[in-house]
Each structure stands twice: as C-alpha cells, then as structure tokens.
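# Remarks on the overall topology
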Amino acid sequence: MKIVKRCWISLVLLCLGSMQVLAQEARISGRVISAEDKGSLVGVTIQEKNTMNGTITDIDGNYTLTVTSEDAVLVFSYIGFLAKEVSLNGRSQVNVTLQIDMSELEEVVVVGYGTQDKKDVTGAISSIRTEEIQNLPLRSVDQALQGRSAGVFFVQSSGMPGAGSSVRIRGGNSINGSNEPLYVVDGVPISSGQGDANSLNPLNTINPNDIQSIEVLKDASATSIYGSRGGNGVVLITTKRGKSGEGRISFNAYHGFQKETNRYDLLNAKQFQTLANEASLADGGPLLYDPSLNPVSSDWQDAMLRDLAPMTNYNVSATGGDNGTNYLISFDYFNQEGVIKTSDLERYSFRLNLDKEVKQRLKVGNSLTASYVKTNRANSGSIFSMLTTAPNLPIKQPDGSYTQYNNQGIGFNNPIALLDGYQNLNKTFRTIGNAYASCEIIDGLTARTSWGLDASFNKNDTYMPQSVFSGSQVGGDASVFSAQTYTWLNENTINYKKTLGEHSLDLLGGFTQQSSRYESLGASAQGFLNDVTGTYDLSLGNPDAAQLPSSLVANWVIHSYIARINYGFKDRYLLTLTGRADGSSRFGANNRFGYFPSAAIAWRAIEESFIQDLNVFTDLKFRASYGITGNQDGIGNYPSLDLWDGTKYVFGDRIVTGITPSQVGNRNLKWERTTQADVGLEMGFFKNRLTFVTDAYYKKTNDLLLRVTIPTTSGFSSGMKNIGAVENKGVEFSLNGVILDRGFKWTSGFNLTFNKNKITNLGEEDEIIPASSPTVLRINQSLGTFYGYVSDGLFQSTEEVAASAQPSAKPGDVRFVDLDENGVINESDRQIIGNAQPQFFGGFNNTFSYKGFDLSVLLQYVYGNDLYNLNLRTLENLTGNQNQRTTVLDRWTPENTDTDVPRATATKPTDVSYDRYVEDGSYLRVKNVQLAYTIPSGALDKLGVSVLRVYVNAQNLFTFTDYTGLDPEVSRYGSDNISQGFDSGAYPNTKVFTAGFNLSF
C-alpha cells in the first residue's frame, strides 16, 4: 500500500508542478558544435535538469531557452555524442562542444566463456538488450527472440500456459535429432526440450525480469566453443548483477487479460441435423432427425473459453554494492489463467547474484535462481472435442449429469466434463546456479573455476473422472509421475590478455566436465468407488485392475577441452581460432570423442585512413568464418548400446515377467557434424545513427543420426545409423537507425532472413515416406515437405465418373489426378503438395518518444510457407457424425454444383491426404505495441523516487493472413522434425492486454 500511495502522490505533485509560476526566470542562448570537426550540430536536445523545460538547436546549432533559475543546470544530448551537463552560475551565454560517443563500437558483448568488445567480434552474433523487452508480458525468456534477431525463427506452438515453443537458428539441421538451440544461463547449459506443442517449456522457470542481455551465437566461429552442442546455434542468457554505489530498490508490476485470437464458425444444431440427414440418405440410410423441428444449440466453444483470462506479474529487486561486494536480489510472482477454463500457470522465482572482491586479484561470486512452477493443463482431447461435438447435444442431462452418449447411442468424451473433471497438475521446483572463483595471477593472466548445478524436481498428477465417458468405462483412471534431474557442471579456464604495441592477444584454454542423472517413478490405478480422492490415494483403486509401477534411471557424461585464440593487429586485422574436443557417453566406443575447430578473420576497414578520408562510414568491418560444430541431442542416452526391457508372457497358467531385447545398438555411432561458412559485413553511417549488418552463410550437416529400416533378421525393424545430410543456406539483413532526434525521437530496426533448407543425402534411399505422416523425405527437397494427392475439382455427373480412374466415385466426390495415367488412383499418384519452410521471415520494430512519452511497435512476419490444416479433415468430413465448419454449407448438391466443397456422405470416400488441406501460412502480425510515460524526476525527488514509469501493452493485436485456421503460428512444429507445419486441434493463441508501472527508489 505504501508503494501505491507513493505513486498517487507522485502523480498529484506532477500536476501541481505543472501549474507553478516560474520564478527568477533567466534567458539563455548559445551554440553547440562537434568536437570532431567544429561543425554545427542540428537538433541537439537542451533540457533544464529535472524539469520538462527544453528546446533543440536550429540549423546553425544555435538555441535559446528560458530557464527557471540563474543557477539551473542544462543537459545537452545528441545521438552519437556524449551527453553533457553545464551549470549556468548566472551566465546568459553558454556555448558547448560535444564529444563523439564511441560506446556502440566499444560495447561489450557476451561470447562463449567470456566477453569481447563488439568491435573485436569476428563471429555472427546478435544481441537483445533488456531495454528491448522491458515490461513485455513474456511467459518465458525465449519469447524475446521473436522478430528481434535476424536468422532466428521462433514459433509459439500453443497458447496453453507453460506450453513449449520452437526456435530455429539458420534453419533445421537434423531429421531425428533435436533442432533446438543450446541455452546457456549465466554459464550453465540447460535443455529447452523439443519444441513440442504438448510439452512444458523448461524456460518457464526463468524469470524474464532478471534478464540483462540475450546473445544469439549463429556461425561456427561463435558456436564451436560449445562443440558437440553448438550445431543448432547457442543462446546466451545473462542475468542482471549488482553495481557498486547506493542501493536501489525497484518494483515492477502489471496486470492484464488474454483473449483468443480467433474462433471457428461452426454449424448450429439445425444446420448440423440437416447435414446429418443428407449424409445418411446419400448412402441409403434412414432420416436421422425430424427436419420440421428446431433443436436447441449448444455452443461448446463459448462454454469452454474464458471471455477475458487474467494474468498478473509482480517483481521486486534490490541492487547495490560497497566494500568490494556487489549484490542483486529479486523476487518474482507470475500468474496466468488460460483462455481454456481451468488451465493456468503460477510461478514463484527468487534470484541472488553476488560478486565479492576478496583481495585485489581474487574475486568470488555466484549466480543462483530458484523457482517453483505449478501448471494446470487442459486435456488436449477436450480442445478438439470443443470443435467436433455435435451442437444438438446438451451439455448436461436433466438430472444434472454430463451427457455421455450421442443421439445414436455412441459414447463420447463430453468436452465440458473433461474441462471440469479432468486433472492434469504439474509441479516443478528448479534451481539453476553456479559459484566461481577468479584469480589474476599476474597482469593479464586470469584463472577461473566454477561449479554449476541445474536441478529440477517434477511431479505430475493426472486423473480421468467417471463423469467423463472414457473414465466411466474403467471406474476412473489415476496416475502419479515424479521425476528428478541433477546436472552438474565444472569448468576450469585460464585466460591471458596482453597488448604489445600494435598487437593484441587474448588466449583461452580450459577443461570442462558435465554429468546428468535422471530418475523417475510412476504409478497408476483404476476402478475407484467415486472421484473424490482422485490421485491422493491410489490404493483405493480396484485391486483386480492393479497396474505395476514404473521406474527409470538414466544418465550421461561429457568431458571437454576448449581453446581459443583472439589476435589483433593495429586494431584492424583480427583473427580468431577456436577448438573444442568433446567426449560423450552417448556415442559408441569407436567414436567417443569429436573435434570441433573453427577459424574467423575480420578487417576493420574503418581504421584505414583511405576509408576515413571518404567521410562516408562511421564503422566498416568485413568478416569471414568457417568451422565445424556438432549435435548429440534428441536421440536418447544410450543409442550405441543394446538395450533390454521387461515384457509379460504366459507360462503355463500364469502370466510372468521376462526380459527381451528392445534396441539394437550401433557402436560406430558418432556425432552429427555441421560445417558452416559465413561472410559478414557491418557498416555504420552518420556517426552510427544508421547501422547495417548482413551475413551470407552456408551450412551442411553430415552423418545424420537417422532411424532407418534394418533387416528384420536382426530382430528389429529399425535402428539408428549415421546416414544422410541436410544443408541450409541463406542471407540475413539487419538495419537499425535513428530517423529523428529533435525533441521528437524515432528509432527503427528491421531484420530480414532468407533461408533455403534441403536434404542432400539419405544413404541408399532417394526418399523415405513416413507411415504415419502425410510427408516425404526426399533428396533435394526440404524438411517439412507435404505429400499427397492432387485434386481436380469435383465430379459433376455419372458420365465423368465412368470415364475416370475412380469408377466407384459419385457426383460431388473429389476427383484426383491420375498422374501415372494407369487408370487407377493409388500410392503412385501422390506427389509433393506443399512445404512448411518459409521463403523469408523477420521483424520491424519502431520506437517513438517525446517529452517523457514513448511508443514502441513490433511487426513480425513470415512469408512463403504452407500449413497442413489437419482440422479440415474432421471439420469438413461431411459425414454428419461430428460438427463442421460453416464452409460445408456450400457443399455440393445437385442444385449447387459450382463449389469446391464435396458432397455429404456417411462413408467419407475422400479421407486421404490431398492438396485441399494445404494452405498458405504467410502472415503479418502486429506482435507488440507499448505506450508508456515516464514522470519527470524533478516531480519525484521529494518522495525519494528516482523512476516512475507507467505503461499499457498489447500483444498479437492484429494478424493479416489468408490462413483459414485459428492462427497461422499455432503448432507449426510437431514433436519431431518431419511433422513440421501441422495444425491439429492446438490450444489457441491469444491477444494479451496489460497495464503496469515501474518504480525505483
């Protein structure tokens, strides 16, 4: 309450201050010039300190300003120059010379195992600063990547609270392995999962308010220091740390709500019954419903969705330092209710970062975060049932019980019963941290050791109640699953930095070791007397339906040696050599170690006199890199070993337990190896008011860890081998500029990425057609290629049917193209019908500010990709068994032949993969809009408040697309790399509206 009271007092003082009559006014004039060329500076902002009073210089650099006091202090600021404060001390004429600010070139960026000045970086690295994501309602830190970094393709696979996301850096490299980047939080590598829409996102446990910066390492020069885990790119997350000086306390809060971005238009009860009658009669069946009746409709979407789903975040932090000790302490609370009723997420997180200078050359410190996340998850079946359940069925029966049988007496899972009774509760406690000691042995020579820990404890309770049809068939179904993962990391490095005349040297060497152990335990039961106890007491289940518990233990170990050389000559010629050797327990004894070298060169041409004489560039750098990285994720812990598993079999009159082989090992398995070449150009103009970065890259992944068919004489149908290759090549562009800076300030950033993905080798095969997916893996085609039949309209007459390759069809059925012209529609008539890979993607960010107000707008776009709308296979199946989209109102009938929607029929002859289900997935989205006002510090000084900023924010405000599904972004990636671009009953994405404030004192 005290904080809220302070905020209101601040606002009142601001209003009163604006009505005060100026006393002891003084008129000041002068001229502002550049220290570099003594030229006039146009548009320099001159502001009386701690007031809203200010002006700008004219075309000749002159200004005039009336101030409140002869002893006032003026602040001169201009983009590309260092700000300057000047005390008047009674003067009426003040001329000022501003010095060029080279801070952007001198900016420090985080790289693997250290930092570098931005000007000395030879690799392809993009940075996202805390200012860019300030006050955004991010559910997890990886959301900050979307639209803000060239080469990074982010997809929020589901709108469910806590749902996973998917990130591709310069395209996908692997078929069976993971394509997700490596995330490193304060030096501790963590796993982000596979990007599955149905999985929980491990990054939910990290508080976005703690983030200081995010660096995306893209080329081999930047990522090879992480060796076997750098093939998919690396995302370095650095948290905030304390600084010496007076302590500072900050409190940030926002509250808002979410609303689904879209809903399907579905049939009402009358329309549904008309369709069902038509489908039944078409196949000689009976009339199912009396057409003279007007049944009552149930709106299942309206019953399941919240109109406004609230979300709240509170964060308090304290920073400061003295006597060689710096600290940051923060606590965060986040709560999000999902747009599907009963789904939610609640997170508590705590962070403690300490740095202590024990002696002049010895520092110790730690980074520690602890979080607790509780998530109630909606049943995935209830989401699809929401769309398909017949609208002529009531939600509940007259006796108050949920409807469990349709009008044909067939049982179904009532989506509202699933919503209200089904339980899927996940609780996770996770701690990530490390402790370090750093000693400068002699000038320039520093030894560092650190120990890191990533420990998580997870418990998941699920219960299917008897109020749901499937639960009633087994008397309730309960399961409890718990798992714990301990991953420890030890890193030991030595670093030597030395400058000798025109030569600079930075050497790094070290040894790291990491080990992870996973343990799980599960139990389940069925046949309960009622639903009261749920998962609280599994012993209450029916002993005749007892199920054996399950348990699992798995671990992996990796030992690594790292080395890096950074050499510079005359501050313009740069060389980086990097190497890493990784030994992993996941691979066969014949290929335990992998070696991952890289080299990069750069020429800072701006340091050349002939470039400076052009008076065109503020910065100019050319760079090139080449190297090898690897991938070991997504294939399990023991792919090289023969595995055995338990099984049940009948022995006499008893069922007994035995063991049987479950996997054939491959002792020759080795790393997937990604070779990447990159050339880049960085340019700055107009004192770096305009900067441009472009990269062209080519990367190829060989020795894919691919599951392939093997001879059945081995006892197995498939096994893991190093077979195949995938390549990605593309171009990235980033353009950032200060467009206006004359009181009204406008900054803009634009990024664009073109990436071409292609399979170049599948071993002895030219193509692989997965049995369970309408996709194909084919040489010279990309991952995510859709495969199916090509349609050629609808049959209009029996004569057309008789003359076709589909003699059993009827008028109104889909006509398929007989590609091989053999008179039969079969598997050989399938072809490529779409591709999930975009032709290009990117983001466009603009920030406008004026006198304390600032407005930021982020646009995000994707172009040229296809989506496979699996929902249509159900929502347009026209059988009359499930509800349909209103598009089926335009279905073919003898009276309505000018349409592409097939006829109604209960036998569904077109339940195959064909091109009608493939749609253009391109979109342009207003991703984020934020309007904020920072109250002038002068109005807050008497309250001891240094910053008070209020804001409103909107996410996913508008989406422009031709896609007919709920959202062109939902479920773009499945749980594997083959099933990309599929949309199937995903939890809807949301629009998010929030309002909040930042307070510091």
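### A look at the overall build of the protein chain
Helices and strands together make up the secondary structure of the protein chain, namely ten helices and 51 strands. Structurally, the protein chain occupies a C-alpha span of about 100 × 70 × 65 Å along its principal axes. The buried share among the 1001 residues of the protein chain stands at 52%. Summarising the internal contacts of the protein chain: among those between residues at least 6 apart in sequence, 68% fall at separations of at least 24. Accessible area for the protein chain stands at about 43,300 Å²; split by element, carbon and sulfur atoms hold 55% of it. Between the centroid of the 85 positive side chains of the protein chain and the centroid of its 102 negative side chains there is a distance of 7 Å.

### With respect to the sheet that holds strand β7 (residues 96-98)
Strand order in this open sheet of three strands is β4-β1-β7, and the pairing throughout is mixed. Each end of this open sheet is capped by a strand with a single partner; those strands are β4 (62-67) and β7. Shown here is a sheet whose adjacent strand axes are inclined to one another by a mean of 35°, direction ignored. Across six bridges, the pairing between strand β1 (residues 26-34) and β4 is antiparallel. Within β4, the position partnered with I28 by the bridge is L65.

### Remarks on the pairing of strand β17 (residues 245-260)
Inspection of the sheet shows β17 paired to strand β18 (residues 309-322) by twelve bridges, in the antiparallel sense. Along β18, the bridge assignment pairs N252 with N315. Bridge count between β17 and strand β51 (residues 990-1000): eleven bridges; the pairing is antiparallel. Note that in β51 the partner of N252 across the bridge is N998.

### Considerations on the side chain of T994
Checked against the element boundaries, T994 lands in strand β51. The residues touching T994, leaving out its near neighbours within four places in the chain, are P137, Y254, H255, G256, M311, Y951, V952 and N953.

### As for the confidence of the model for the protein chain
Averaged over all residues, the pLDDT of the protein chain is 88; the fraction at 70 or higher stands at 95%. With pLDDT under 50 throughout, residues 1-23 is counted as low confidence; its partners more than four residues away or in other chains account for 23 contacts.

### Focus: the sheet that holds strand β3 (residues 54-56)
The four strands are arranged β3-β2-β5-β6 in an open sheet whose pairing can be described as antiparallel. On the outer flanks of this sheet lie β3 and β6 (84-87), each paired with one strand and no other. Taking the axes of each pair of neighbouring strands and ignoring which way they run, one obtains an average angle of 20° across the sheet. Of the pairings in the sheet, the one linking strand β2 (residues 45-48) to β3 comprises three bridges and is antiparallel in character. Within the sheet, the bridge partner assigned to T45 lies in β3 and is I56.

### Re the pattern of salt bridges
Counted by the stated rule, this structure contains 44 salt bridges. A salt bridge links R129 to E215, with the shortest nitrogen-to-oxygen separation between them at 2.9 Å. Here R129, found in strand β10 (residues 125-129), pairs with E215, found in strand β15 (residues 211-217); they are 86 residues apart in sequence, far enough to count as distant. E215 shares its class with R129; the two are buried.

### A look at helix α3 (residues 269-282)
In a regular helix each residue adds 1.5 Å, so 14 residues correspond to 20 Å; α3 covers 20 Å between its end C-alpha atoms and thus fits that length. The backbone nitrogen of K270 lies 3.2 Å from a side-chain oxygen of the residue at the head of α3, namely N268. G284 occupies a position one or two residues after α3 and carries a positive phi of about 80°.

### Some words on the nonpolar core
What tends to happen in soluble globular proteins is that the nonpolar side chains get buried as a cluster. Ranked by size, the top nonpolar core spans 39 residues in total, and within it I340, M386 and Y987 carry the most contacts. Elements that contribute at least two residues to this core include exactly α3, α4 (300-304), α5 (380-388) and α6 (415-421). In contact with I340, other than residues within four places in its own chain, are M304, L305, R306, A378, M386, L419, Y987 and P988. Core analysis: the next-biggest nonpolar cluster, separate from the first, contains 23 residues, I133, I169, V188 and I206 among them.

### Some points on unusual backbone geometry
Where the residue is not glycine, phi is negative for most of them; where a peptide bond is considered, it is trans in most cases. Non-glycine residue N323 carries a positive phi angle of around 50°. Mapped onto the secondary structure, N323 falls in the loop between β18 and β19 (325-337). With a relative accessible area of 70%, N323 lands in the exposed category. Non-glycine residue N688 carries a positive phi angle of around 65°. With respect to the helices, strands and loops of the structure, N688 is situated in the loop between β32 (672-685) and β33 (690-702).

### Considerations on the packing of aromatic side chains
The final tally for this structure, using the stated rule, is 35 aromatic pairs. Their ring planes at 20° and their centres at 6.3 Å tell us that F744 and F848 sit as a pair that is stacked. In this pair, F744 is assigned in strand β37 (residues 744-761) and F848 in strand β44 (residues 840-850), connecting sequence segments 104 residues apart. Overall, the relative accessible area of 34% leaves F744 in the partly exposed class. On the basis of an interplanar angle of 35° and a centroid distance of 4.4 Å, the ring pair of F853 and Y933 is categorised as tilted.

### Quick word on α5
The complete set of buried residues in α5 reads S382, I383, S385, M386, L387 and T388. Elements that come into contact with the buried residues of α5 comprise α4, α6 and α10 (871-875).

### What about a nonpolar patch on the surface?
Among the surface-exposed residues, I249, V316, I329, F331, Y348, F350, Y372 and F429 lie close enough to one another that they form a single nonpolar patch of about 630 Å² accessible area. At the level of elements, β19 and β20 (344-359) are the ones that each hand at least two residues to the nonpolar patch. With respect to the helices, strands and loops of the structure, Y372 is situated in strand β21 (residues 362-376).

Conventions adopted
- Residues numbered from 1 in each chain as written.
- Predicted model: local features only at pLDDT ≥ 70, side-chain atom pairs only at ≥ 80, totals over all residues.
- Heavy atoms only, no water.
- Helix = DSSP H or I, 4+ residues; strand = E, 2+ residues; numbered from the N terminus.
- Buried < 20%, exposed > 50% of the residue type's maximum accessible area, 1.4 Å probe, protein only.
- Contact = heavy atoms within 4.5 Å.
- Areas by Shrake-Rupley, 256 points an atom, 1.4 Å probe, with all protein chains shown as cover.
- Lys, Arg positive; Asp, Glu negative; His and termini not counted.
- Charge placed at Lys NZ, Arg CZ, Asp CG, Glu CD.
- Pairing = 2+ DSSP bridges.
- Axes fitted to C-alpha atoms, helices over the stretch in contact; angles between N-to-C directions.
- pLDDT = per-residue confidence, 0-100.
- Salt bridge = Lys/Arg side-chain N within 4 Å of Asp/Glu carboxyl O.
- Expected span 1.5 Å × (residues − 1).
- Polar contact = N/O pair within 3.5 Å; in protein donor to acceptor, adjacent residues only side chain to side chain.
- Core = buried A, V, L, I, M, F, W, Y, C linked by side-chain atoms within 4.5 Å.
- Phe/Tyr/Trp six-rings, centres within 6.5 Å; stacked < 30°, edge-to-face > 60°.
- Patch = residues over 30% accessible without salt bridge, like charges linked within 9 Å, V, L, I, M, F, W, Y side chains within 5 Å.

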